Each structure stands twice: as C-alpha cells, then as structure tokens.
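# Report on the structure
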Amino acid sequence: MRRIVLSLLLFLVFFLVSHAEKGVYKAYVYFIPVGEITFSLEKDRILVRGETYKSLRWIYNYTFRFEANNKGYFLYEKENKKEKIYKNKQIEEKKPWLPLIVKYIKEGKKPDTDKDPDFPYRIEEKGDTVFIYPLKSKNVKKIRLKLSKNSRLPEKIEIDGKIDIKLERIK
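Below: a short report on this structure. Keep in mind it's a predicted model, so treat the numbers as computed, not measured.

Take a nonpolar patch on the surface next. A cluster of nonpolar side chains, contributed by Y30, F31, I32 and I163, occupies part of the molecular surface with about 470 Å² of accessible area. Counting through the fold element by element, F31 comes out in the loop between β1 (21-29) and β2 (32-41).

As structure tokens, then:
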C-alpha cells in the first residue's frame, strides 16, 4: 500500500513540476486561416512552434520553431524546401515580433526598454490591450496583444506590417 501511495505522490510531483502552460492559436494572414502556432511556457524557456495547414502546403509550406531561454533566442524555419537558422540579433532584424511578444509574456508586465539599447521598442498599455512598436523594424509597424485575465498568454495577437498576421487563441 505504501508503495502505491508513494508512486502516486511521485507521479503527482513530477506532473506538477513538468507541467507547462500552453496556448494554441489559429493564424490568419489578412483574413485567411493559414495555420496554427503553439506557445509553451516552461520554467526557464518559452517554445513557439508553428506550421501551415496541410491543405495549404501545396501553395506555401512553412514551419518554424522558436526558443527563448536564459542564453538567448534561437529560430529554425523551413519555408517550402529552404531551411534557415537564426540567432539573437538576426531574429530581432528578421522577425522582431517573436522576441517582443515572448519578452512581454515572459516578464509578465511592461519590460524595461532601456535594457535593450540595440533593439529599441516602445510599449503602450491601454486597459487589457498592449501595443508594442518596434522602432527599427522595416517589416513590423505595430504588435497588438489582447491580454487574458486567466493566463499569461494573450487571447489575441495582431501584427501589423508588410503582411498583417492575426493569432486567435483556440485552446
């Protein structure tokens, strides 16, 4: 009997320690649903994975894996048959929306913009909506986060730029 109770307690502790907060988003380009993106918040890192729907891959096949941890950022992307790997500064130049959203989610409040003199941005908070403006980006003008009351992950993310992207949380 003790072994069973001990096993159950160990399993419960392992489950609680390894449990990560996750959010799944439906991705839209303009108004067309194109794929899903998953945010996984763990203790020391945040993983973001995305891919186009299988039904659209004959037109455009895109997958990516982004990781933010204490050592920095890492992005792997596969666009049709081309694979690319980016790190830190390259990500900030090519895909500034990823590190800015992750930074806001990770810190849970308005990040200190003075900590990033090489990656300038401005943040405005209005109620449950946050506006992030990357100041040196050619591709992204504004990021809008609709915050959730029950989770660190936003309910909706809108990226205004060369291509408008909208992410709506579905799980």
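Turning our eyes to something else, we now look at the pattern of salt bridges. Where charged atoms from two side chains of opposite charge come close, those side chains can pair. Taken as a whole, this structure holds 13 salt bridges when the rule is applied. Note that K95 is salt-bridged to E77, the shortest N-O span being 3.5 Å. With K95 in the loop between α2 (88-94) and α3 (97-107) and E77 in strand β5 (residues 72-79), this residue pair connects regions lying 18 residues apart in the sequence. On the basis of relative accessible area, K95 is assigned to the partly exposed category, the value being 21%. E168 is the partner of K166 in a salt bridge, and the nearest nitrogen-oxygen pair spans 3.5 Å. You can call E168 partly exposed: its relative accessible area is 25%. Three or more residues joined by partner-sharing salt bridges are found here, namely E42, R45, R65 and E67.

Successive side chains on a regular strand alternate, one facing one side of the sheet and the next facing the other. Within strand β10 (residues 156-161), 5 of the 6 residues are buried, which leaves it mostly tucked inside the rest of the structure. Taking the residues that link successive antiparallel strands as the turn, the β10-strand β11 (residues 165-169) hairpin has 3 residues.

Basis of the calculations
All residue numbers refer to positions counted from 1 along the written sequence of the respective chain. With pLDDT at 70 or above as the cut-off, local features in this predicted model cover only qualifying residues; side-chain atom pairs require 80 or more to be listed or tallied, and sums for whole chains, interfaces and linings still use all residues. To get the side-chain values, take all heavy atoms of the structure and skip hydrogens and water. Each patch is built from residues that are more than 30% exposed by relative accessible area and take part in no salt bridge. Like charges join if they lie within 9 Å; nonpolar side chains (Val, Leu, Ile, Met, Phe, Trp, Tyr) join within 5 Å. Per-residue and other accessible areas follow the Shrake-Rupley method at a 1.4 Å probe size, with only the shown protein chains counted as cover for residues. The term salt bridge refers to a pairing of a side-chain nitrogen on Lys or Arg with a carboxyl oxygen on Asp or Glu at a separation within 4 Å. We count a stretch as a helix when DSSP gives it H or I for four or more residues in a row; a strand needs E for two or more, and each element gets its number in order from the N terminus. Relative accessible area decides the class of each residue, using a 1.4 Å probe on protein chains only: under 20% of the type maximum gives buried, over 50% gives exposed, and in between gives partly exposed. Two strands pair under a simple rule: DSSP has to find at least two bridges between them.

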